[in-house]
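Descriptive structure summary
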Amino acid sequence: MSAISNTLSPALQRLITQMPKAELHIHIEGSLEPELIFELAKRNQVNLPFDDVASLKNAYAFKDLQSFLDIYYAGASVLLKEEDFYDMAYAYLQKAVGDGVVYAEIFFDPQTHTERGIPIQTVIQGLVRATQDGATYLGIESKLIMCFLRHLSQDSALETLKAAEPYLEHLIGVGLDSSEVGHPPEKFTDVFARARKLGLKAVAHAGEEGPPAYIWSVLDQLKVLRIDHGVQAIHDQSLIARLAKERIPLTVCPLSNLKLCVYDDLSLHPIKRLLDLGLCVTINSDDPAYFGGYINDNYLHTFQALQLKASDAIAFAKCSFEASFMQESQKNLWYAKIEQHALAHGF
Ligand code: HPA
Ligand code: ZN
C-alpha cells in the first residue's frame, strides 16, 4: 500500500515492524503478485485476459468479496506445476520474514487447482517443499491449512479430504473459505467432523460479510477453534461474551476489509473495540498481493487509522501466538521474546 500519512512515532513503527509475530490468515494464492502471475503465465504458456501487469493491477478495484474472488481465481490459473506452487509460497515466506513473521499457518485452496486437472499431490508437494526450505534457509516455521471452497458441495469437500489423506502429516488443519453470503457453514458439518477425526484442527471464515449467525454455526456445527475474520461479531453481544469467555481467536485482516468494502474507512474498523472487549484478536494480511499490503502494512495502517499504542501492538503480537496451533511451551517463549523486544525499544 502507498506511503501512510504518518503520525506514528518512529519508535512505535520500529516496535511494530520488527516485532516477532505469527501470521494465521494468509491465502497462499492471494500472495501471488501480478509480476509473478505474468512470469508463470509465460513459463506455462497460459493466456491471461490482461495485456500486462498494469492492466491486471487496474482490475484490482473490488466492490465486495465476490468481485475479488473472480479475479483471484483467474490469477491462480497460471499455477500448473509443483515448482509454481513452490515459487509462490517461497516468495511469500521471504516477504513474511522481512515483516518479522517467525511462524505462519498458511491456507491453500486445493479445489481451485484440482478442478483444473492439477493433481493435489502437485499442489501439496510444492507447498511443503517451500515450507521446508523456508525453515532451512529463512528461519521461518510454517504449517499448511487446507481450505474447502464453500461455493462447492460438501461431496466435493469430502472428495478433497479423501485425496489429501496420504499427505495428512503435512497438514495442521482444515478451513472454509470463498463466497460467504448464501453459503451457510452447516452444509459442511460432516466433512469437518471427518477432518477432526483425522486429527486436523478446524478453522473457518465466518462473519466477514456474513451475519453473526454464521459465526455461531461454525462454533457449534463445525466446532472450529478459531474464526477467520469474525468482525461481524461486534453486532452480537452474547456472541462477543462467548468468544471472550472461551478465548476463541479472531484472525482479522483490516486491509482486506477495507478493499472489499466491509468498512468504508479503517477508522471505522472494530478491531480495537473487539480487543478491548476481551477477545483474542490478531492482525493478518489475507490476500496481500491483492489488498495492498503484507502484515506490517496491515499493522501500520490500522495503528495510524485508529491511533493505537505500543500496548496494543504487544497485545496483538501476543494474541498471534496464543491463537496459533504451536505448542504451549513454544508460545511462552514467544511471549517472553515480545516483552524483551518491547523493553529493548523503550516500551
Ligand atoms: N474470504 C473468503 N475467501 C477467500 C478470501 C476471503 O477474504 N480470500 C481468499 N479466499
Ligand atoms: Zn481469508
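These notes cover the structure that comes with them. (Residues numbered from 1 in each chain as written. Chains lettered and ligands numbered in written order. Predicted model: local features only at pLDDT ≥ 70, side-chain atom pairs only at ≥ 80, totals over all residues. Heavy atoms only, no water.)

1. A word on unusual backbone geometry
We note that serine 178 has phi near 85°; this positive angle belongs to a residue other than glycine. In this structure, serine 178 sits in the loop between strand 4 (171-177) and helix 9 (189-197). Even without glycine at this site, cysteine 261 takes up a positive phi of about 65°. When you line up the elements, cysteine 261 lands in the loop between helix 12 (254-259) and helix 13 (271-276). (Helix = DSSP H or I, 4+ residues; strand = E, 2+ residues; numbered from the N terminus.)

2. Looking at the coordination of the zinc ion (ligand 2)
Six octahedral donors at a metal ideally form angles of 90 or 180 degrees, and four tetrahedral donors ideally form angles of 109.5 degrees. Around the zinc ion (ligand 2), the protein supplies His25 (NE2), His27 (NE2), His205 (NE2) and Asp286 (OD) as donor atoms, at distances of 2.0 to 2.2 Å. Taken together, the four donor atoms surrounding the zinc ion (ligand 2) define angles of 80 to 174° at the centre, an arrangement classified as irregular. Read in sequence order, the donor residues coordinating the zinc ion (ligand 2) give the pattern H-x1-H-x177-H-x80-D. You can see histidine 27 sitting in strand 1 (residues 21-27) and its partner aspartate 286 sitting in the loop between strand 8 (281-283) and helix 14 (288-291), a full 259 residues away along the chain. Judged by its relative accessible area of 2%, aspartate 286 is buried. (Donors = N, O, S within 2.8 Å, 3.2 Å for Na, K, Ca; no water. Tetrahedral: all angles 85-135°; square planar, octahedral: opposite > 155°, others 65-115°. Buried < 20%, exposed > 50% of the residue type's maximum accessible area, 1.4 Å probe, protein only.)

3. A closer look at the site of ligand 1
The local shell around ligand 1 consists of His27, Leu65, Phe68, Leu69, Tyr72, Asp177, Ser178, His205, Glu208, His229, Asp286 and Asp287. Within the side chain of glutamate 208, one N or O atom sits 2.7 Å away from a nitrogen atom of ligand 1. Within the side chain of aspartate 287, one N or O atom sits 2.7 Å away from a nitrogen atom of ligand 1. Alone, ligand 1 offers 260 Å² of accessible surface; in the complex the protein occludes 100% of this. Counting residues per element, the shell around ligand 1 draws most heavily on helix 4 (residues 65-75), which supplies four residues. Taken together, the residues of the shell around ligand 1 break down into four nonpolar, four polar and four charged. (Near = heavy atom within 4 Å. Polar contact = N/O pair within 3.5 Å; in protein donor to acceptor, adjacent residues only side chain to side chain. Areas by Shrake-Rupley, 256 points an atom, 1.4 Å probe, with all protein chains shown as cover. Nonpolar A, V, L, I, M, F, W, Y, C, P; charged D, E, K, R; others polar.)

4. Re the side chain of serine 31
Along the chain, serine 31 falls in the loop between strand 1 and helix 2 (34-44). Of the polar contacts made by the side chain of serine 31, one reaches the backbone oxygen of isoleucine 28; its length is 2.7 Å. In this view, serine 31 contacts Ile26, Met88, Tyr92, Pro288, Ala289 and Tyr294; residues no more than four positions away in its chain are not counted. (Contact = heavy atoms within 4.5 Å.)

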